[in-house]
Amino acid sequence: MDPLLCGLAANPALPTELVDRLIAIADEDIGEVLATREDLSRAQALALVARVAETAARLAYEGRLTAADIDPVAQPDAAFALLDGGAGRPEWARLLAADPAVGRRERLAACPGLPPDVVETLAADPDVRVVAELALWTTPETAARLARHPHAEVRRAVAANEAAPPDVLAMLITGEGLPEALRCLVCDREETPFVHDPHCPRTDCDLRSGAACDGSHESTLHDIRQMALGNPATPAEAAAGFAGHPSMMLRWQLAARPDLPPDAGRRLAGDPVPGVRADLAGNPAIDDATIRALAADRADDVRRRLAHNPRVPLDVLARLAGTTRIGPTLLPRIAAATPAEVEELAVSPDAAVRMLLAERRDLPPGIRDALAADPDAKVVKSVAPHPGLTEARLRAMADRHGVAVVARVAANPDAPPALLEDLARHEPPVRKALREIARHRNATAPSLLACLADKRARGIAAGHPALPSPVIEELLAGADSAVAEAAAANPSLPLAVMSGLVPAPSGAPVAAVPAE
């Protein structure tokens, strides 16, 4: 990979003439970057595919190529991209349905809107992987039919298909109303009874961990239930009965269902597995009694997940803030707080509660400014990036609390250039602040030059358009390839330098690019 040419390929200021020259010499790495350019013309897209065939699929997914541009035999990946987006041709689907490569038929089975005859062909495919892939993505009518397939792997895929009819999913989860499955992946390959060694040494073995069959296909039947429990189309009443199931994995899957009945939620609140209770705690479906019970849970992760529940009452959240490491994040319940609740939270005697409120970015000016003057550094750190804070307030925050808040002050979108320059020279240096300054829209050359001294900020600063051109050119020749690539992508790179980086195609003269 040539980092300079890859960086240049991403440069938004690269003129059309140089894009053409890059296309003419592109390898797969450069082609991958060029394919992401928003200004790529149709003619350039076609030229890029002719040069780097691997770019066809990406360009097709992004709508740069049409069916008229694609040969499904020579460019199957691009054909799949258009079929997946509903822009392919029916005859392509028929051609690929007969492809001898199982992987291609499997990819086809995941495409939407396939012609009915292709669906029938795939449903009868001799390889169960193809049929299972079809079952995972197909229409309700075909899913209902495949739920009765004799192979348990196909039923497992139907159980995960959100388009499958609810009554079919209910049958899959209970087993009632369906004929018994005759085969599974385990008994297809091994003599039963068989339990797959979780440390299987065979390099050609692709059985899932825990796969087992004694003739009843038990591991796949368990998977069918787990997939159905995680499927939002499965009726809640059919799922709720698994709250007391011996399988931890089934209870865990049930705990996260957004339609979990209250009785099942209360039962799962006493589950012995902390992970089950944690997923339950984050579920907006649980009632107030369950929320308050989980607030007293001894497991930190349970209480943390409860704090992120959008329905947690504010009084419960206030208690959690004092006993749980929630961190500086905007919680859903805080984001949804009413104006009256915001005023109440702003004067909470608990700094942890004020910190949670300070993560909002739409606070009334009076409350925002009061939090900026808070005596607790963690509150100030949370409010520091809030838009609308004046330079004087931002400076006062940095002066009062120093390194604890400097990085977040630097992240404020309204931080003026002079302040960023002062923060970049802060003693002791704050490395996180340098990274924030390096990407800040208001950063100036002096502050960016200071950022170049930090290893992690250097690569960010190298791509900032305010960096002086001579410095950008120096970075191009540096030993750090990542920094050089970022510098090559800098839109302030002089056109003459850009032109000098791109070699002409073999035997062709280098055309001059006009300077600005």
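Quick caveat, the model's predicted, so the values are computed rather than measured.

Cut-offs applied
Residues numbered from 1 in each chain as written. Predicted model: local features only at pLDDT ≥ 70, side-chain atom pairs only at ≥ 80, totals over all residues. Heavy atoms only, no water. Buried < 20%, exposed > 50% of the residue type's maximum accessible area, 1.4 Å probe, protein only. Helix = DSSP H or I, 4+ residues; strand = E, 2+ residues; numbered from the N terminus. Arc of directions from axis to C-beta. Contact = heavy atoms within 4.5 Å. Core = buried A, V, L, I, M, F, W, Y, C linked by side-chain atoms within 4.5 Å. 1 Å grid on protein atoms, 1.4 Å probe; cavity = no way out; pocket = protein on both sides within 12 Å on 5 of 7 lines; lining within 4 Å. Points joined across faces, edges and corners; volume = space filled by probe spheres on them. Axes fitted to C-alpha atoms, helices over the stretch in contact; angles between N-to-C directions. Parallel < 35°, antiparallel > 145°, perpendicular 65-115°, else oblique. Left-handed = near helix turned anticlockwise from the far one by under 90°. Nonpolar A, V, L, I, M, F, W, Y, C, P; charged D, E, K, R; others polar.

Novice: What exactly am I supposed to notice about helix α17 (residues 248-255) here?
Specialist: Given 3.6 residues to a turn, an α-helix orients residues that are three or four positions apart in the same direction. Among the residues of α17, L250, R251, L254 and A255 are the ones counted as buried. Buried residues in α17, looked at end-on, bunch into an arc of 140°, giving them a common side. Check the buried side of α17 and you find it contacts α15 (218-229), α16 (236-240), α18 (262-268) and α19 (274-281).

Novice: It is not clear to me how the nonpolar core should be interpreted in this structure. Could you clarify?
Specialist: A general trend in soluble globular proteins is that nonpolar side chains are found buried together. The biggest cluster of nonpolar side chains holds 170 residues, and the ones touching the most others in it are L108 and L306. It is helix α25 (residues 351-358) that contributes the most residues to this core, seven residues altogether. Sequence-distant contacts of L306, defined by excluding residues within four places in its chain, comprise A281, I286, I291, L294, A295, V312, V316 and L320.

Novice: Quick question: what am I supposed to make of empty space enclosed by the protein here?
Specialist: Taking a probe equal in size to a water molecule and rolling it over the atoms shows the remaining empty space. For the coordinates displayed, the defined rule picks out one cavity of 30 Å³ or more. Reported here for the largest cavity is a volume of approximately 30 Å³. Forming the boundary of the largest cavity are L314, L317, A318, A321, I334, L345, V353 and L356. When contributions to the lining of the largest cavity are tallied by element, the ones reaching two or more residues are α22 (314-323) and α25. Take the lining of the largest cavity: its biggest share by element is four residues, from α22.

Novice: So what exactly am I meant to see when it comes to the packing of helix α6 (residues 76-84) against helix α8 (residues 102-109) here?
Specialist: When two helices pack together, their arrangement is given by the angle between the helix axes and by the axis-to-axis distance. The geometry of α6 relative to α8 is characterised by a closest axis approach of 10 Å and an angle of 15° between their N-to-C directions. It follows from the interaxial angle that α6 and α8 lie roughly parallel. Regarding α6 and α8, the two cross each other, and that crossing is right-handed. Across from P76, D77, F80 and L83 in α6, the residues of α8 making contact are R104, R107 and L108. Residues of the contact of α6 with α8, tallied by class, amount to four nonpolar, no polar and three charged.

Novice: Honestly, the layout of surface pockets in this entry has me stumped. Any pointers?
Specialist: Here the largest pocket is characterised by a volume of approximately 290 Å³. The wall of the largest pocket is formed by 16 residues, among which R155, G175, E180, A181 and L221 lie closest to the centre. Of all elements in the fold, only α13 (166-174) and α15 reach the threshold of two or more residues within the lining of the largest pocket. Ranked by residues supplied to the lining of the largest pocket, first place goes to α13 with four residues. Across the lining of the largest pocket, the residue classes tally to eight nonpolar, five polar and three charged.

Novice: Just to check I follow, could you spell out helix α31 (residues 431-438) for this structure?
Specialist: Among all positions of α31, only A433, L434, R435, I437 and A438 are buried. Tucked inside the fold, the buried residues of α31 contact α29 (406-410), α30 (417-424), α32 (445-451) and α33 (455-461).

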